[in-house]
Amino acid sequence: MYLEIVTPEKVLLSAEVVSVTVPGVEGEFQMLNNHEPIVSVLEEGDVKIEGTFTVEEAVEDQFVKQADNKYHLHIKGGVLEMKNNKAVILAD
């Protein structure tokens, strides 16, 4: 699936990923390829991304690289929309 993470200042990520796990207001949940359409409010926490992609040098300090092509990005909140195999996170 395709993932975009956007803040008011810039686009942090725009890449093809395997999965994304987000901190929803009713708990953390994961989305994989071909997930049903969803709109959700996000609370403060880590967005966990899995995939083989490159984080741009200008924003790589905001991501924490874990083992096995996994990255974490801390957000203060936001909104997620997933539809047509594309997830967009508008993050604070």
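Note on numbering: residues in each chain are counted from 1, in written sequence order. Per-residue local features of the predicted model are confined to residues with pLDDT of at least 70, and side-chain atom pairs are confined, for both listing and counting, to 80 or more; whole-chain, interface and lining totals are unaffected and use all residues. Side-chain numbers here rest on the full set of heavy atoms in the structure, without hydrogens or water.

## Regarding the overall build of the chain
Part 1 of the reasoning: Helix and strand assignments come from DSSP, with helices taken as H or I runs of at least 4 residues and strands as E runs of at least 2, each series counted from the N terminus. A tally of helices and strands in the chain yields zero helices and eight strands.
Part 2 of the reasoning: Reading the secondary structure of the chain in the N-to-C direction produces β-β-β-β-β-β-β-β.
Part 3 of the reasoning: For the radius of gyration, the atoms used are the C-alpha atoms, and the globule rule reads 2.2 Å times the number of residues raised to 0.38. For 92 residues, the compact-globule estimate of 2.2 N^0.38 gives 12 Å, and the C-alpha radius of gyration of the chain, at 12 Å, lies within 12% of that figure.
Part 4 of the reasoning: Burial classes: relative accessible area under 20% of the type maximum marks a residue as buried, over 50% as exposed, and values in between as partly exposed (1.4 Å probe, protein chains only). In the chain, which comprises 92 residues, the share counted as buried stands at 38%.

## A closer look at the side chain of Ser19
Part 1 of the reasoning: Mapping Ser19 onto the fold places it in strand 3 (residues 19-24).
Part 2 of the reasoning: One polar contact links Ser19 to Gln30, side chain to side chain, over a distance of 3.4 Å.
Part 3 of the reasoning: Here, two residues are considered to be in contact whenever any of their heavy atoms come within 4.5 Å of each other. Dropping the residues within four chain positions of it, Ser19 is found in contact with Met1, Gln30, Met31, Leu32, Lys48, Ile49 and Glu50. For this analysis, a polar contact is any N or O atom pair within 3.5 Å, provided that within protein one partner can donate a hydrogen and the other can accept it, and provided that sequence-adjacent residues contribute only side-chain to side-chain pairs.

## A closer look at the nonpolar core
Part 1 of the reasoning: Residues Leu3, Ile5, Val20, Val47, Ile49, Phe63 and Ile89 are the most contacted members of the largest nonpolar core, which totals 25 residues.
Part 2 of the reasoning: For this core, the elements supplying multiple residues, two or more each, are strand 1 (2-6), strand 2 (11-16), strand 3, strand 5 (38-50), strand 7 (70-83) and strand 8 (86-91).
Part 3 of the reasoning: Dropping the residues within four chain positions of it, Phe63 is found in contact with Leu12, Leu13, Ile49, Val55, Tyr71, His72 and Leu73. Residues enter a nonpolar core if they are buried and are Ala, Val, Leu, Ile, Met, Phe, Trp, Tyr or Cys, with the set joined through side-chain atoms within 4.5 Å.

## Some remarks on the pairing of strand 4 (residues 27-32)
Part 1 of the reasoning: The pairing of strand 3 with strand 4 spans six bridges and is classified as antiparallel. Bridge pairing in strand 4 places Thr21 opposite Gln30.
Part 2 of the reasoning: One requirement defines pairing of two strands: DSSP has to find at least two bridges between them. In sequence, strand 3 turns back onto strand 4 through a hairpin of two residues.

## Brief notes about the pattern of salt bridges
When the charged atoms of two side chains lie near each other, side chains of opposite charge can form a pair.
Part 1 of the reasoning: A carboxyl oxygen of Asp or Glu within 4 Å of a side-chain nitrogen of Lys or Arg is what we treat as a salt bridge. Enumeration over the complete set of coordinates arrives at two salt bridges.
Part 2 of the reasoning: Ionic pairing is found between Glu4 and Lys86, a salt bridge with its closest N-O pair at 3.7 Å. Note that Glu4 is positioned in strand 1 and Lys86 in strand 8, a separation of 82 residues in sequence.
Part 3 of the reasoning: Classification of Lys86 by relative accessible area gives partly exposed; the value is 34%.
Part 4 of the reasoning: We note a salt bridge from Lys48 to Glu28, for which the minimum N-O separation is 3.0 Å. Of this pair, Lys48 sits in strand 5 while Glu28 sits in strand 4, and the two are 20 residues apart along the sequence.

## A look at unusual backbone geometry
Part 1 of the reasoning: Within the chain, Asp68 stands out as a residue other than glycine whose phi angle is a positive 55°.
Part 2 of the reasoning: Take Asp68: it is sitting in the loop between strand 6 (63-65) and strand 7.
Part 3 of the reasoning: A positive phi angle is found at Asn84, which is not glycine, with a value near 55°.
Part 4 of the reasoning: Among the secondary structure elements, Asn84 is positioned in the loop between strand 7 and strand 8.

By themselves, these are just geometric observations and shouldn't be taken as functional.
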